[in-house]
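# Coordinate analysis (summary)
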Amino acid sequence: MIQKPISFFHTLSLQLSKVSNLTDILAHSLSLTRISHMGAKAKSHHHYNGGNGGGCGGSESSSSNSPSPPPSPRRNSSSLVSHHRRKLRSRPMSVVAGFLVLRRFLRLLVVLPMLYVSGLVMCVGVGPFCSLVGHTPHPGSVYRSHEMFQLLWPHIQADNSTPIELSSVWRYRRKLKELKPCPHSTAGPQSDKAAPSGYLIVEVNGGLNQQRSAICNAVALAGVLNAILVIPRFEFNSVWRDQSTFSDIYDEEHFIATLEGYVRVVKELPEALLERYDHNISNIPNIRVEAWAPVRYYTGEVYPVLQSQGVVRIAPFANRLSMSVPPPIQHLRCLSNYEALQFSSSISNLAKKLVERMTEKSSRSGGKYVSIHLRFEEDMVAFSCCLYDGGEAEKVEMNLVRQRGWGNKFKSKGGVTLPGLNRINGKCPLTPLEVGMMLRGMGFDNTTSIYLASGKIYWAEKHLAPLLKIFPYLHTKESLATPDELAPFKGYSSRLAALDYTVCLFSEVFVTTQGGNFPHFLMGHRRFIHGGHSKTIVPDKRKLVVLLQDMDTSWTDFRLEMQTMLSESDRKGMIIPRVKKFSRKSSVYTYPLPECRCLQRHNNTQIVPSTLSSPIFVWSSPVCLRGNARPPIPSFLAVMYLNRIAIALRHCRRIQAFNHGKALHSQLIKLGIMADVFLSNNLISMYAETPRLVNDVQKLFDEMPQRNIVTWTTMVSAYTKCGRCGEGLRMYRDMVEWGLERPNGFMFSAVLKACGAVGEVGFGREVHERVCGEGLEFDTVLMNAVLDMYVKCGRLGEAKRVFDEMLERNWMSWNVMISGCCKAGLMEEAVGLLQRMKEPNAASWNSVIAGFVSNGSRRALEFVRLMHREGFLLDCYTFPCALKTCGSLASGEQIHCNVVKTGFESDSFALSALVDMYANFNELNAAVKLFDQYSRCSGSINLALWNSMLSGCVINKHNRAALDLVSKVHCSGARMDCYTYSGALKACINLLNSRLGRQVHGLVVTAGYELDYVVGSILTDLYARVGNIKDALGLFHRLPVKDTVAWSGLIIGCAKMGLS
């Protein structure tokens, strides 16, 4: 958890103000002692622990979620004193006041260290005191499942509820669409296919299913490059320690025969090529490809090398091809995974016997059984850094395993082991006991047959005993097969995994406990054979660990929660991702439908090969016209037409003529020229101009056959503009992780703006680091975006550091820092920055003035006068600030005269501020006069002006007039905001009118403002004051943020009703 770096003594002084007795003092001393020690060891510059860092995680794939180390404390413990000394220098103070302040902090400097030392001594040296100040563990952070089992076991045995039938576990059914032929299919293999461009060699690594993924990707890539695929080579992995070759695990002949007509596969390179490289495959130059490389990378970079050399080698080849590929290429993946890759005869024969024996042993349930993929091996427990019930011996043993397997990875500088946090976040492997309790709670009784797919369980005798107690009919491959049958597989982890894979594939229920390639591939395969349903239980481990730690949970409550979890797995198991064209976010191996649907046997439909004759695909053509009636347009004319169309689209965007833009879009679709990326980018830019069309933007993006960095940048900006910043950030991360485009300065600026809007400072830091890594720290505009992000996220210290390191600053840099200081209430620093500016502009002055206004200081008027004296024209931003701080009606009228003289009286900001000013001074007639004068001139509703008039009516108790204004706004069709609804509800409160309040509440719900913390609080206050405590409480509990208005209204309402 990232903590804000603060001085120890400042922290202690703040915390002591909340302490009421000696025990609390000791507890706070202890907690701050821990903060101090942790901070002293931590880095001052924080980053997220990656998979290669020192932190522990539940799995390698989840390493990006590992917690960052805590920050180091400030170097000077007396920073608070120095801060006040700076304040004494910057602002004149009397001698007496200075003396009092000095006495106060000298007293703190004497007393607080004594409390710190005494608390440290008592907590470290005296046992009884430690129990007094002991820290209560967070829910779910401590392993107590074994205690929970002992507590609930009598209730489990006495449970006589009706057990669940395996045949009725899955209640959701998906109605699949009509089976269609595979993409670009013909009646059979193409005989007139273009000559192959060369040979493709790939080297795959990892376990069984990582190898399977790489093989399928290799077949797809061979189709992209029109290459001949050499049977993939398996690298020896130090973790898996399996020396099996392709033919040891898969049926080579079947693989080659199935792919015939799609991709040509050979077992070895021709002799001529082998001689060129001295019969050593390693001598062939290796091409290093980044992860998830798109198709255009291979066609642009790898294909020319293949044509010139006749052979290319790519090693390693794990996850080296993007999931977003054209339909014919996706079809090759499906064909490889579900048709071409069949286990070798030795594996298939034994696996078939295991399935038959498991079916026989499940006769009590009609031959149906449950399979569990349990990841509780020694190396998995060690890698997760989680703690169980083994005590100190377990810690020592796990440290030795980590040191032996990963060296100093977990002891590197900055590495933090947080077992409790890992458990809370669901990263700890489930124990056999936890899996057993979960399944029993879901309704599976002790007659259920269980197949356990696992390696060697950590402390197997101890941990498997409770599972056998809950489910006595527990089987493994070792118990189903004879020693002689398993002898050829001993020492070959991938072959043993293939046996488990097959038995789990044909189970009625599959339970995954930890993630990884095995369950992901198996879930996809089960979806393929079960009509889209994975029939898999995926535990909510975050929820489960909390339940298993709560000793107050009854068996009935636990069982209800588990049944809900089963129902959720049932619902999610039938989800099919939405795939537009060949834009896919999820793995086709986990979610094979809809692309692999054509391979499913139905109504005697045959599998038909697709034609892939060239790596230069039709969809990459700049202009592609559909239909035979139109002759192709010459290229120079096409470019001219596209430029004119783009100009028309930009004009529609500028004048907000979206209906005309849509009409032009429809004509472009009819002409078939939507394949041009330049044209599509202009369309996206037009739709992105208004938030209500963001869904059209996404639809257009999904259908684009080609995209560039401009496309992605426009999408991120569109989502940010409509308030859906999280989706914009997700698109950026997808683009970067899949290697689709290399971000530039414009993309970084758009992402930083989104980070600032939602306060994603961690994400923003990552982008900042990448900006510096790309050498863009000299771009002043981009660094201004970095500054703005830190300021909006409330990290002024980091913003100052960036500001100080900037080689060149413009007026925007200064203004961002001034705004940040004003936002933080550091007005003296803001004024200092303004004075340091060589050429301050009106925006700089307005920022300082607005800062004084927001901090409730009357110095705003002083700086308005100074701004005027410096020769700056007061504008529509200056006048509202001045009007908010004017102390009298006379001052307000003087400012009104200046507004009229400068011609800003018709400006909506200045006009609204004038109406507010007159209403606040009880001059409602003057406010109404202004409002009537300008509202009649405007043909549409100026909502800011109407809200100001509404607020004035409420303040002056003209509640009926306020509600009339709301009615007029509603009847005009204008979109009301939270300020409009707040004013209407305040009028209802003043009138104590429950009926009108309910009518306004209905409008609030329709507009989606019910849970807005301002509107929701006023609604709660309304219901409480009219005596409707039930509705008030119901709404109060649903509010995400509860302010003083909601609390005070509820308390007053309860007091009126006599509810103590």
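This one's a predicted model, so the numbers in the text were calculated from it and none came from an experiment.

The rules we used
Residues numbered from 1 in each chain as written. Predicted model: local features only at pLDDT ≥ 70, side-chain atom pairs only at ≥ 80, totals over all residues. Heavy atoms only, no water. Helix = DSSP H or I, 4+ residues; strand = E, 2+ residues; numbered from the N terminus. Buried < 20%, exposed > 50% of the residue type's maximum accessible area, 1.4 Å probe, protein only. Areas by Shrake-Rupley, 256 points an atom, 1.4 Å probe, with all protein chains shown as cover. Core = buried A, V, L, I, M, F, W, Y, C linked by side-chain atoms within 4.5 Å. Contact = heavy atoms within 4.5 Å. Disulfide = S-S within 2.5 Å. Pairing = 2+ DSSP bridges. Axes fitted to C-alpha atoms, helices over the stretch in contact; angles between N-to-C directions. Salt bridge = Lys/Arg side-chain N within 4 Å of Asp/Glu carboxyl O. Polar contact = N/O pair within 3.5 Å; in protein donor to acceptor, adjacent residues only side chain to side chain. Phe/Tyr/Trp six-rings, centres within 6.5 Å; stacked < 30°, edge-to-face > 60°. pLDDT = per-residue confidence, 0-100.

## Focus: the overall build of the protein chain
Helix and strand content of the protein chain: 49 helices and ten strands. Across the 1060 residues in the protein chain, those meeting the buried criterion constitute 49%. Surface accessibility of the protein chain: about 51,800 Å² in total, with carbon and sulfur atoms responsible for 54%.

## Points about the nonpolar core
Of all hydrophobic cores here, the largest spans 135 residues; its most connected members are Tyr 732 and Val 751. Here the element with the most residues in this core is helix H33 (residues 780–792); it accounts for eight residues. The contacts of Val 751, once residues within four sequence positions are left out, are Val 716, Leu 729, Tyr 732, Phe 763 and Val 767. Core analysis: the second largest hydrophobic core is formed by 82 residues, Phe 234, Val 355, Leu 496 and Phe 521 among them.

## Considerations on the state of the cysteines
Throughout the structure, instances matching the rule amount to two disulfides. Two residues share a disulfide in this structure: Cys 334 and Cys 596, whose sulfurs sit 1.8 Å from each other. Its S-S torsion of approximately -70 degrees makes the covalent link between Cys 334 and Cys 596 left-handed. In this pair, Cys 334 is assigned in helix H12 (residues 327–340) and Cys 596 in the loop between helix H24 (555–573) and helix H25 (635–654), connecting sequence segments 262 residues apart. On the accessibility criterion, Cys 596 (1% relative accessible area) is buried. Between the sulfur atoms of Cys 386 and its disulfide mate Cys 428 the distance is 1.9 Å. As the torsion about the S-S bond is roughly -90 degrees, the Cys 386-Cys 428 disulfide counts as left-handed. One end of the pair, Cys 386, is in the loop between helix H14 (378–384) and helix H15 (391–406); the other, Cys 428, is in the loop between helix H16 (419–424) and helix H17 (432–442), and 42 residues separate them in sequence. This pair shows no difference in class: Cys 386 is buried, exactly as Cys 428 is. A disulfide-free cysteine, Cys 793 has its sulfur positioned 7.0 Å from the sulfur of Cys 755, the nearest such atom.

## Side note on the sheet that holds strand S8 (residues 474–475)
If you trace the five strands from one edge of the open sheet to the other, you get S8-S7-S6-S9-S10, paired in parallel fashion. What marks the edges here is a single partner per strand, and that holds for S8 and strand S10 (536–537). Across four bridges, the pairing between strand S6 (residues 370–373) and strand S9 (residues 509–512) is parallel. Within S9, the residue paired with Ser 371 across the bridge is Phe 510. This element, helix H21 (residues 493–505), spans S6, strand S7 (450–453) and S9 of the sheet and lies at about 150 degrees to S7.

## Side note on the environment of Val 736
Tracing the backbone shows Val 736 in helix H30 (residues 725–737). Along the primary structure Val 736 and Trp 292 are separated by 444 residues, whereas in three dimensions their C-alpha atoms are 9.7 Å apart.

## Observations concerning the pattern of salt bridges
On inspection of all chains with the given rule, the structure shows 35 salt bridges. Among the salt bridges present, the one from Glu 252 reaches Lys 267, with a minimum N-O distance of 3.7 Å. Taken together, the residues span a long stretch of sequence, with Glu 252 in helix H9 (residues 252–259) and Lys 267 in the loop between strand S4 (265–266) and helix H10 (271–276) at a distance of 15 residues. Judged by relative accessible area, Lys 267 falls into the partly exposed class, the value being 44%.

## Comments concerning unusual backbone geometry
Ala 315 connects to Pro 316 through a cis peptide bond whose omega is -5 degrees. By the element assignment, Pro 316 lies in the loop between strand S5 (311–314) and H12. With an omega dihedral of 10 degrees, the bond running from Leu 593 to Pro 594 counts as a cis peptide bond. You can see Pro 594 is positioned in the loop between H24 and H25. Phi is positive for Trp 292, close to 55 degrees, though the residue is something other than glycine. You can see Trp 292 is positioned in the loop between H10 and helix H11 (295–309).

## Digging into the side chain of Gln 514
For Gln 514, the position within the fold is in the loop between S9 and helix H22 (517–529). Since its relative accessible area comes to 12%, Gln 514 is described here as buried. A polar contact of 3.3 Å, which involves the side chain of Gln 514, links it to the backbone oxygen of Lys 427. Within the local environment of Gln 514, its side chain forms a polar contact with the side chain of Lys 541, the two groups lying 2.4 Å apart.

## Observations regarding the packing of aromatic side chains
For the structure shown, the criterion picks out 24 aromatic pairs. For the pair Phe 149 and Trp 153, a centre-to-centre distance of 5.3 Å together with 45 degrees between the ring planes defines the contact as tilted. Remark: Trp 153 and Phe 149 occur in helix H6 (residues 145–158); sequence separation between them is four residues, near one turn of the helix. Trp 153 shares its class with Phe 149; the two are buried. Pairing Phe 1036 with Trp 1047 gives two aromatic rings, centres 4.8 Å apart and planes at 80 degrees, and the pair type is edge-to-face. Taken together, the residues Phe 1036 in helix H48 (residues 1029–1038) and Trp 1047 in helix H49 (residues 1044–1056) connect sequence positions eleven residues apart. We classify Trp 1047 as partly exposed; its relative accessible area is 44%. These aromatic residues form a ring-pair network of at least three members: Phe 234, Phe 246, Tyr 250, Phe 255, Phe 343, Tyr 501 and Phe 518.

## Quick look at the confidence of the model for the protein chain
Per-residue confidence for the protein chain averages 78 on the pLDDT scale, and 79% of its residues sit at or above 70. Across residues 120–134, where pLDDT falls below 50, the model places 17 contacts with residues more than four positions away in sequence or in other chains. Below pLDDT 50 for its whole length, residues 602–640 participates in 77 contacts with residues either more than four positions away or in separate chains.

## A look at the pairing of S7
Here S7 shows a buried face lined by Ile 450 and Leu 452 and a second buried face lined by Tyr 451 and Ala 453. Here S6 runs beside S7; their pairing, made up of four bridges, is parallel. From the neighbouring strand, Val 370 faces S7, where its bridge partner is Ile 450.

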